[in-house]
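Breakdown of the fold
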Amino acid sequence: MQTILRTYRAGLFWRCLRRLGTLLVLWSWGLLSGSALGFRNSRLDADSKLPIMGLMPINKAAESISEGIIPAVELATEHVHNKFLPNTSKLVLKWYDSECDNAKGLKAFFDGIKYGPKHLMIFGGVCPSITSIIAESLKEWNLVQLSFAATTPVLADKKKYPNFFRTVPSDNAVNPAVVKFLKHFHWRRVGTLTQDVQRFSEVRNDLTNELEKADIQIADTESFSNDPCLSVRKLRDNDVRIILGQFDENMAAKVFCCAYNENMYGIKYQWIIPGWYQLNWWKPIASIYCNEKNLLTAMEGYVAVDFEPLSTKEIKTISGLTPQQYKQEYNKMRGSAEYSKFHGFAYDGIWVIATTLQRAMDSLKRLGDPQNIRDFNYVNKDLGQIFLDSMNETNFFGVTGQVVFRNGERMGTIIFSQFQDKVEVRVGEYNAIADSLELINNTLRFQGVEPPKDRTIIQPQLRKISLPLYSILSALTVLGMFMSSAFLFFNIKNRNQKLIKMSSPYMNNLIILGGMLSYASIFLFGLDGSFVMPNTFETLCTVRTWILTVGYTTAFGAMFAKTWRVHAIFKNVKMKKKIIKDQKLLIIVGGMLLIDLCILICWQVVDPLRRTVEDYPLEPDPAGRDFAIQPLLEHCENSHMSIWLGIVYAYKGLLMLFGCFLAWETRNVSIPALNDSKYIGMSVYNVGIMCIIGAAVSFLTRDQPNVQFCIVALVIIFCSTITLCLVFVPKLITLRTNPDAATQNRRLQFTQNQKKEDSKTSTSVTSVNQANTSRLEGFQTDNHRLRMKITELDKELEEVTMQLQDTPEKTQYIKQNHIQELNNILSIQNFTDGKDSDKPLMKNQHDSRSQVPWGTTLEPSRTNKDVIEDINSPEHIQRRLSLQLPILHHAYLPSIGGVDASCASPCVSPNASPRHRHVQPSFRVMVSGL
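Taken together, the side chains of Ile472, Leu476, Val478, Leu479, Phe482 and Leu714 make up a nonpolar region of the molecular surface, amounting to roughly 560 Å² of accessible area. If one sorts the elements of the nonpolar patch by residue count, helix H15 (residues 467-493) sits on top with 5 residues. Examined against the element boundaries, leucine 714 turns out to sit in helix H22 (residues 705-737).

And the structure:
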């Protein structure tokens, strides 16, 4: 470690020694060459001289610009002497070579201070480093410096450089022009790409401040050292469309090659870069980084921003020449010397110095100060302040435009050029004094039909339900409601018909009402933001939920109740048969509705439905335009939507499953005159399956309102229409064709089926002890079927009895007709062993008639007494059994208290069997209309 430290110290010593030797050589060269660089008017006597110190790199090896500047300065001096200053005052400009080196520049400055005349001002300063060092010390020397080529933004700090002025705008002067250009095309979102160099970083920082003041968003700020491709890619990923670049010519070629590779050119992008590059700057370096054709493709349309080197206005300047006339004289004087774009600022700089000195002399005269500007020395603060104030008052029109200083900064003109077909074309200019932007008509060309967007324009688009689709489904819904109204009219009009009355018309009305409510909900589901206001839509969220829920429960609950009654009567053989009236079914439906209302009320009070708008991923414009579509979709939601939907789905799901179970259990029940359970079962299956499918598909198509609405509407229409048609169309057809066929055909079918079953039963009885389990189950099924048929007969007996109670005067007629019907029904021989069994049957019938006098000789008093008697009295039970028991097979009677299985023939009375059990009154079978 000590060895390394000693080596470092030794190296530092030798470096300092070499630097001191270099300074000594430069000092000696300055003494020899300083006088040779004097202005050619140095021959004037001392009294007429106005000495000015000139600082500029003159040596070509040090990037000299003197060849293009000195002709302009000489031309300006000549014009000043001829047209402005009095003959007794001559500007004497003595040049000192700074060579763009800090040490040499400082030596030249101090040589001018020590060995030269008392310079009134300093003209020059090109290289930023040496210029900033000298400008910082000017206040102590009471000197004012005017630069014509130093554009570094650092020198704009007036606290640090109070005595520094420049006729050339600084690099920061283009930033207000860029902001104005952005505002003109309504670009409010940009990105910056900066080379990691102090000069560009300073411009970028000032530009950031200007953009923030103008309320322009900086979407991304990227910088790079050598490879800009990563930064370009980040700008693309951040969807930056307007790129503000700060980089030199060499890096510009790299940037545009990366832009080509990343496809960041064309109609969607706009590049804005510095405009001070050399003419055809891209040619020497085009093939280094990428193909020249690709580079030119990416460069096409970029906008370059730079200060205006020479005014284009045909106005006479302070010298009496127009800028165009000056340009001609300058080119003549320059000859074959190298051109410099700063020549106009140097020309105007000489005029600034001349006008400043003239104002200083006028100020001294006005103040009555005996001093003369030639009396200035580096410790004379009063004259130094007069020079400074006079410089700030500069205002004239020069060859570079209006020359005005604001805080030492030139308020010049900024020009905009666009790269078009390998050439930069002037397209506009910005006047910093007036803060105005003027674009030349029909010169600025964009690669698209319009200026590119500053971002991917997101166009909100509310996904709406198609009006034609809504119209079609609404028309179908209206047809469904007309159909429902027709069925309701039919059901009410024919409610006293036996076919309609026995199928519970009140429950049928509920089914129709539920269907109509379900139909009505379709209109509400189709109303979205394209039809109603947001507040109205939020109200519709609640209304349509209530209508659909109540409608579903009303229709499905009525079908469920009717199916449950059929199941309770025909499937539960152990259940004591009771009258199940419509009032009880209405109570069941009311209970379901009450549960629904409780859920809906709690839902509305605790967590009501609100209108929410959901954003979906961006979609490209179908027409190919430069913007994206932001799909928006309205939903009816709340904070705990999943919980409430879970409660509703669980309740409805269990109810639906139970309904499907009842429908499956009663699938074989087919008694048209008594019930329509088969069609109700089909309706229950239909509703259940369609609701499950509709709910699943509706959830999956949540982001497609047209598809979702179509599916929901079709499910509701299909379920409601099929249900209503299955329930009412068969009734309508039967009632229109043959109102009595429902009962008569059924009785005939019942008689034929009973004969077939009776023959099978008689054969099975002989081998009942040897039957296997499967045959026994078959017998039990036959027994169950017979019990259902017995129930039907009991129902008809009960109706006859009720009619006898209501209309005593019609007793004789009704009983005769009813006995005739019973004779037709009981004429079947399902439980006899042969033809001889018919006689006992008829005998039993006559015996029953003798026991229960239903004939025409019935006395009125006796009839009234029978009416008053309890229908479940032992006498009535015995009377019914006297009609029913003779047709029962002896193998089945023991199960209901009948004869012994060993009895060879049917018994004529319940008391004939020793195993006969007394039938309790509660064994009666009574069925109300379904």
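Picking up where we left off.
Pairing within the open sheet is mixed, and its 8 strands lie in the order S7-S6-S8-S9-S10-S14-S15-S16. Both edges of this open sheet fall to strand S7 (217-224) and strand S16 (436-439), since each of them pairs with a single strand only. Looking at each pair of strands side by side, their axes are set apart by 25 degrees on average, direction ignored. Bridge count between strand S6 (residues 189-195) and strand S8 (residues 242-246): 4 bridges; the pairing is parallel. If you follow leucine 193 over to S8, its bridge partner there is glycine 245. In the packing of helix H7 (residues 198-213) onto the sheet, the strands contacted are S6, S7 and S8, and the crossing angle to S6 comes to about 165 degrees.

This part takes up the pattern of salt bridges. On inspection of all chains with the given rule, the structure shows 17 salt bridges. We note a salt bridge from arginine 445 to aspartate 421, for which the minimum N-O separation is 3.3 Å. Within this pair, whereas arginine 445 is found in the loop between S16 and strand S17 (457-462), its partner aspartate 421 is found in the loop between strand S14 (413-420) and strand S15 (423-431), the two being separated by 24 residues in sequence. Residue arginine 445 is classed as partly exposed on the basis of its relative accessible area of 41%. Relative accessible area serves as the criterion here: at 55%, aspartate 421 is assigned to the exposed category.

Within the fold, isoleucine 692 resides in helix H21 (residues 677-700). Residues isoleucine 692 and glycine 653 lie 39 residues apart in sequence; the distance between their C-alpha atoms is 9.1 Å.

Time to look at the pairing of S14. The element S14 is extensively covered by neighbouring structure, given that 8 of its 8 residues are classed as buried. Taking every second residue as pointing to the same face, both faces of S14 are buried, with Thr413, Ile415, Ser417 and Phe419 on one and Ile414, Phe416, Gln418 and Gln420 on the other. In this structure, strand S10 (residues 303-307) lies alongside S14, joined through 5 bridges in antiparallel fashion. Each residue of the ladder has a partner; that of valine 303, found in S14, is glutamine 418.

The next thing to look at is the packing of aromatic side chains. Across all of its chains, the model carries 33 aromatic pairs by this definition. Relative to phenylalanine 556, the ring of tyrosine 552 has its centre 5.4 Å away and its plane inclined at 5 degrees; by these criteria the two rings are stacked. You can see tyrosine 552 and its partner phenylalanine 556 sitting in helix H18 (residues 534-570), 4 residues apart, about one turn around the helix. Overall, the relative accessible area of 16% leaves tyrosine 552 in the buried class. Among the aromatic residues, ring-to-ring pairing joins Phe109, Phe110, Trp141, Phe376, Tyr378 and Phe387 into one connected group. Its end group placed over the ring of tyrosine 269, arginine 241 keeps NZ or CZ at 5.9 Å from the ring centre.

With antiparallel pairing, the 3 strands of this open sheet are ordered in space as S11-S12-S13. A strand with exactly one partner marks an edge of an open sheet, and here the two such strands are strand S11 (395-398) and strand S13 (409-410). Each of S11, strand S12 (401-406) and S13 touches helix H13 (residues 343-367); the most contacted strand, S11, lies at about 150 degrees to it.

Turning our attention to the nonpolar core. A general feature of soluble globular proteins is that nonpolar side chains tend to end up buried together. Membership of the largest hydrophobic core comes to 95 residues, with the highest contact counts inside it found for Leu91, Phe123, Phe148, Leu182, Leu357, Ile373 and Phe387. Beyond its immediate stretch of four places on either side in the chain, isoleucine 373 contacts Leu50, Leu120, Leu357, Ala360, Met361, Leu364 and Phe387.

This paragraph deals with the state of the cysteines. Overall, the coordinates contain 4 disulfides when judged by the stated rule. There is a disulfide in this structure between cysteine 229 and cysteine 258, and the S-S distance comes to 1.9 Å. When the S-S torsion is -65 degrees, as for the bridge of cysteine 229 with cysteine 258, the disulfide is left-handed. Of this pair, cysteine 229 sits in helix H8 (residues 229-237) while cysteine 258 sits in helix H9 (residues 249-261), and the two are 29 residues apart along the sequence. What makes cysteine 229 partly exposed here is its relative accessible area of 22%. The class for cysteine 258 is buried, based on a relative accessible area of 4%. With its sulfur 1.9 Å from that of its partner, cysteine 257 forms a disulfide with cysteine 290.

Right, let's talk about the packing of helix H19 (residues 582-606) against helix H20 (residues 641-665) for a bit. To describe two helices that pack against each other, one gives the angle between their axes and the distance between the axes. Direction vectors running N to C along H19 and H20 enclose 175 degrees, while the axes themselves pass 11 Å from each other. If you check the angle between H19 and H20, you find them roughly antiparallel. Within the contact between the two elements, H19 uses Met592, Ile595, Asp596, Ile599, Cys602, Trp603 and Val606 and H20 uses Met641, Trp644, Leu645, Ile647, Val648, Tyr651, Lys652 and Leu655. For the contact of H19 with H20, the residue count by class is 13 nonpolar, no polar and 2 charged.

Let us now look at the packing of helix H3 (residues 102-115) against helix H4 (residues 128-136). As a packed pair, H3 and H4 sit with axes 9 Å apart at the nearest point and diverge in direction by 40 degrees. The orientation of H3 relative to H4 falls into the category oblique. Taken as a pair, H3 and H4 cross one another with a handedness that is right-handed. Two secondary-structure elements touch here, H3 through Asn102, Gly105, Leu106 and Phe109 and H4 through Ser129, Ile130, Ile133 and Ile134. For the contact of H3 with H4, the residue count by class is 5 nonpolar, 3 polar and no charged.

In terms of burial, S10 is largely enclosed, as 5 of its 5 residues are buried. Residue alternation in S10 divides its side chains into two sets, Val303, Val305 and Phe307 and Ala304 and Asp306, and both sets are buried. Note: strand S9 (residues 270-274) against S10, 3 bridges, orientation parallel. Paired with isoleucine 273 across the bridge in S10 is alanine 304.

Our next topic: unusual backbone geometry. Its identity is not glycine, yet aspartate 215 carries a phi of approximately 60 degrees, on the positive side. Within the secondary structure layout, aspartate 215 lies in the loop between H7 and S7. You will see that asparagine 263, though not glycine, has its phi angle at about 60 degrees, which is positive. By the secondary structure assignment, asparagine 263 is in the loop between H9 and S9.

Moving on: the environment of lysine 584. With respect to the helices and strands, the residue lysine 584 is situated in helix H19. Note: C-alpha distance between lysine 584 and alanine 561 (23 residues apart in sequence) is 9.0 Å.

So, about the confidence of the model for the protein chain. Residues of the protein chain with pLDDT of at least 70 account for 73%, and the chain-wide mean is 75. Note on residues 1-46: pLDDT is under 50 here. Beyond four places in sequence and across chains, it has 35 contacts. Confidence drops under a pLDDT of 50 for residues 821-869, and excluding neighbours within four residues, the segment shows 67 contacts in the predicted structure.

Position of arginine 199 among the secondary structure elements: in helix H7. A relative accessible area of 31% places arginine 199 in the partly exposed class. In this view, arginine 199 contacts Thr151, Asp171 and Trp276; residues no more than four positions away in its chain are not counted. A polar contact of 2.9 Å, which involves the side chain of arginine 199, links it to the side chain of aspartate 171.

Cut-off values and rules
- Residues numbered from 1 in each chain as written.
- Predicted model: local features only at pLDDT ≥ 70, side-chain atom pairs only at ≥ 80, totals over all residues.
- Heavy atoms only, no water.
- Patch = residues over 30% accessible without salt bridge, like charges linked within 9 Å, V, L, I, M, F, W, Y side chains within 5 Å.
- Areas by Shrake-Rupley, 256 points an atom, 1.4 Å probe, with all protein chains shown as cover.
- Salt bridge = Lys/Arg side-chain N within 4 Å of Asp/Glu carboxyl O.
- Helix = DSSP H or I, 4+ residues; strand = E, 2+ residues; numbered from the N terminus.
- Pairing = 2+ DSSP bridges.
- Axes fitted to C-alpha atoms, helices over the stretch in contact; angles between N-to-C directions.
- Contact = heavy atoms within 4.5 Å.
- Buried < 20%, exposed > 50% of the residue type's maximum accessible area, 1.4 Å probe, protein only.
- Phe/Tyr/Trp six-rings, centres within 6.5 Å; stacked < 30°, edge-to-face > 60°.
- Lys NZ or Arg CZ within 6 Å of the ring centre and 35° of its normal.
- Core = buried A, V, L, I, M, F, W, Y, C linked by side-chain atoms within 4.5 Å.
- Disulfide = S-S within 2.5 Å.
- Parallel < 35°, antiparallel > 145°, perpendicular 65-115°, else oblique.
- Nonpolar A, V, L, I, M, F, W, Y, C, P; charged D, E, K, R; others polar.
- Left-handed = near helix turned anticlockwise from the far one by under 90°.
- pLDDT = per-residue confidence, 0-100.
- Polar contact = N/O pair within 3.5 Å; in protein donor to acceptor, adjacent residues only side chain to side chain.

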